[in-house]
Amino acid sequence: MRNGWIAALLTLPLIVPTPAHAGTDPFFSYDRPAAYEVRTERVSVPLRDGGHLACDLHRPAADGRFPVIVYDYTAYDQLETLGRAAAYFVTRGYNAAVCNARGSGDSPGRLDPFGPQEQRDNYDLIEWLGVQPWSTGKVGQMGVSYGGHSSLLVAVNKPPHLAAIIPVDGISDWYENTIYRGGIYSARIRDWQRAVAPDTLVTYAQHPLYDDFWRERSVKARWADLDIPVLEIAGWYDRYRAPMVENFQARPRNVWLVAGPWQHGWPASQHADIGNGPYLAWWDRWLAGRRDAPLPAARVTSYEIPGPGAGAGWQRFATWPPPGARQTRLGLSAEGTLTTGAGAPATRRFTVNTDPAPSTPDERLTFQTHPYPRDVVLAGDITAKVRAAFTAADGNIAVVAEDVAPDGTATRITQGWLKASHRFGHERAVPVRPGRTYDLEIRAWPTHYRLSAGHSLRIIVSGDDHPEIDSDAPGGQVALRLGRGGTEIHLTTWKDVR
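Cut-offs applied
Residues numbered from 1 in each chain as written. Predicted model: local features only at pLDDT ≥ 70, side-chain atom pairs only at ≥ 80, totals over all residues. Heavy atoms only, no water. Helix = DSSP H or I, 4+ residues; strand = E, 2+ residues; numbered from the N terminus. Contact = heavy atoms within 4.5 Å. 1 Å grid on protein atoms, 1.4 Å probe; cavity = no way out; pocket = protein on both sides within 12 Å on 5 of 7 lines; lining within 4 Å. Points joined across faces, edges and corners; volume = space filled by probe spheres on them. Nonpolar A, V, L, I, M, F, W, Y, C, P; charged D, E, K, R; others polar. Phe/Tyr/Trp six-rings, centres within 6.5 Å; stacked < 30°, edge-to-face > 60°. Buried < 20%, exposed > 50% of the residue type's maximum accessible area, 1.4 Å probe, protein only. Lys NZ or Arg CZ within 6 Å of the ring centre and 35° of its normal. Pairing = 2+ DSSP bridges. Axes fitted to C-alpha atoms, helices over the stretch in contact; angles between N-to-C directions. Salt bridge = Lys/Arg side-chain N within 4 Å of Asp/Glu carboxyl O.

Please explain the side chain of Ser218 as it appears in this structure.
Relative to the helices and strands, Ser218 resides in the loop between helix H9 (212-215) and strand S10 (230-235). Once you skip the residues sitting within four places of it in the chain, Ser218 turns out to touch Leu153, Ser172, Asp173 and Tyr210.

If you want it as structure tokens, here you go:
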């Protein structure tokens, strides 16, 4: 690490799992009073290629040097709104830069979200901020969604003045997490593309396989360079929970993970436990060097959902999945049950995209456990090891897990997808021979979810899950192999702490 005191903190012993409310951890209740007024000016930050970024610079109205926070670096041209949000940190002794990415707002050029040019610009911004006379040379970056992605991507570019980051709802890989889910284009992202970056409707479609275009937009491809302190804020109802968990698992010595019961967006607007306090504690520790500023009490602070209600709420763990988690294998039967027994070999079929009427949904197969006699806590991945044959030359498989209440009400827990020709990875499409049975491993998004006693787990297997993925599977029939030697579901479960 760049500083000895950072290296020392990153080798602190891991905490054993204990039940806890976030509010009982001093990290989450941390705060200190405002001490400064805010002064704001518009600045033009020079870039290495002669371009510039339009930024609002918010500084404490006092002489001296202060650390700097790049606040939510995005292409959404929200300088005024973000400036108001950043003022909390400015009044407590931080400079805050709120900037428009190249090609947005008053920053000239062509917008290419998360591309190499945008990453270089972000690097140049941090280095410029780090050497200004009002800067201590310590720079951090934080943001949600677009701003979270940017924070992670600039970190793996390793600008020398970047000391720590706080990504909220961030990526590990733009291709896998957002654009091509399991190798299948996500219909959900197109509205964002049309509104924010219409050029990508062409460029992304030109790269259906994972190539250097996507590696340049990947944190995962450069995990070894993610070596500064990272506070990841994830939501168990958010679409980026899988990459946030992956980043932690790849870099557990310098990444802390907080995963809560919220959807996409800043947690403070959704849950009272997460305000600005923990962010301030993080910046005070890593940017201001305040040794009294706490770190999270555990490497993983996770809220067991659903909640409030059935879930046990906040828990602390040393790792993820939690220590003591175990794998449970469930077999799929021809009768539609989901059990620990394999059952006799069998085959069930469903059709895909064979009806021209757009209002006619594709067929799907469902498999369900008997009601559980006691609570079951899912804490990690759900992996479907599918064995299937296709009548077409390719196919899509979608696997959805649901919580079924005694009254029949179903709640989606998680989901995963895979294009059959991508069964060996996304770098090349491997042909599918009609009629041949293939092994397809589909990893659903991780979860921390309590199935209450009396509830059942339902698994749905189909060829579509619009709008999460495009309905682009070629028309035909899918034969799902069941029973002994057939499709299996692997659950990661954890002991009940209540």
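How should I be thinking about the layout of surface pockets in this particular structure?
Where empty space is left becomes clear once a probe the size of a water molecule has been rolled over the atoms. Estimated volume of the largest pocket: approximately 610 Å³. Forming the walls of the largest pocket are 26 residues, and the residues nearest its centre are Glu176, Gly182, Glu246, His426 and Arg443. Looking at the lining of the largest pocket, the elements with two or more residues in it are helix H6 (174-179), strand S8 (180-181), helix H10 (241-250), strand S20 (410-419) and strand S21 (437-443). At 5 residues, the largest contribution of residues to the lining of the largest pocket is made by H10. The calculated volume of the second largest pocket comes to roughly 430 Å³. Surrounding the second largest pocket, 21 residues form its lining, Arg326, Thr328, Tyr372, Val376 and Thr493 being those nearest its centre. Listed by contribution, the elements that provide at least two residues to the lining of the second largest pocket are strand S14 (326-332), strand S15 (338-339), strand S18 (376-390) and strand S25 (488-494). Looking at the lining of the second largest pocket residue by residue, the classes come out as 9 nonpolar, 7 polar and 5 charged.

Before we go on, may I ask you to explain the packing of aromatic side chains in this structure?
To describe a pair of aromatic rings, one takes the distance between the centres and the angle between the planes. Summed over all chains, the structure comprises 30 aromatic pairs. When the ring of Trp236 is compared with that of Trp320, the centres are 5.4 Å apart and the planes differ by 40°; the resulting orientation is tilted. Highlighted residues: Trp236 in the loop between S10 and H10 and Trp320 in the loop between strand S13 (313-317) and S14, separated in sequence by 84 residues. What makes Trp320 buried here is its relative accessible area of 6%. Judged by centre distance (5.4 Å) and plane angle (80°), the ring pair of Trp417 and Trp445 falls under edge-to-face. Within this pair, whereas Trp417 is found in strand S20, its partner Trp445 is found in the loop between S21 and strand S22 (447-451), the two being separated by 28 residues in sequence. When sorted by exposure, Trp417 lands in the same class as Trp445, which is buried. Members of the aromatic cluster, each reached through a chain of ring pairs, are Tyr175, Tyr180, Tyr185, Tyr204, Tyr210, Phe213 and Trp214. A cation sits over an aromatic face here: Arg217 above Phe213, 3.7 Å from the ring centre. Here the basic side chain of Arg299 rests over the ring of Trp256, its NZ or CZ set 4.1 Å away from the ring centre.

I would appreciate a short explanation of the sheet that holds S20 in the present structure.
Within a sheet, each strand pairs with its neighbour through backbone hydrogen bonds, oriented either parallel or antiparallel. Strand order in this open sheet of 4 strands is S17-S23-S19-S20, and the pairing throughout is antiparallel. The sheet terminates laterally at strand S17 (364-368) and S20, the two strands that pair on one side only. Taken pair by pair, the neighbouring strands of this sheet meet at an average axis angle of 20°, ignoring direction.

How should the pattern of salt bridges be read in this particular structure?
Where charged atoms from two side chains of opposite charge approach closely, those side chains can pair. Per the counting criterion, the structure on display carries 30 salt bridges. Here Arg290 and Asp284 are joined by a salt bridge, their closest N and O atoms 4.0 Å apart. Of the residues examined, Arg290 reaches a relative accessible area of 33% and is grouped as partly exposed. Close ionic contact of Asp381 with Arg443 constitutes a salt bridge, the shortest N to O distance being 2.7 Å. With a gap of 62 residues between them, Asp381 in strand S18 and Arg443 in strand S21 connect regions that are remote in the sequence. Exposure remark for Arg443: the relative accessible area of 45% places this residue in the partly exposed category. One salt-bridge network, held together by shared partners, links Arg32, Asp284, Arg290 and Asp292.

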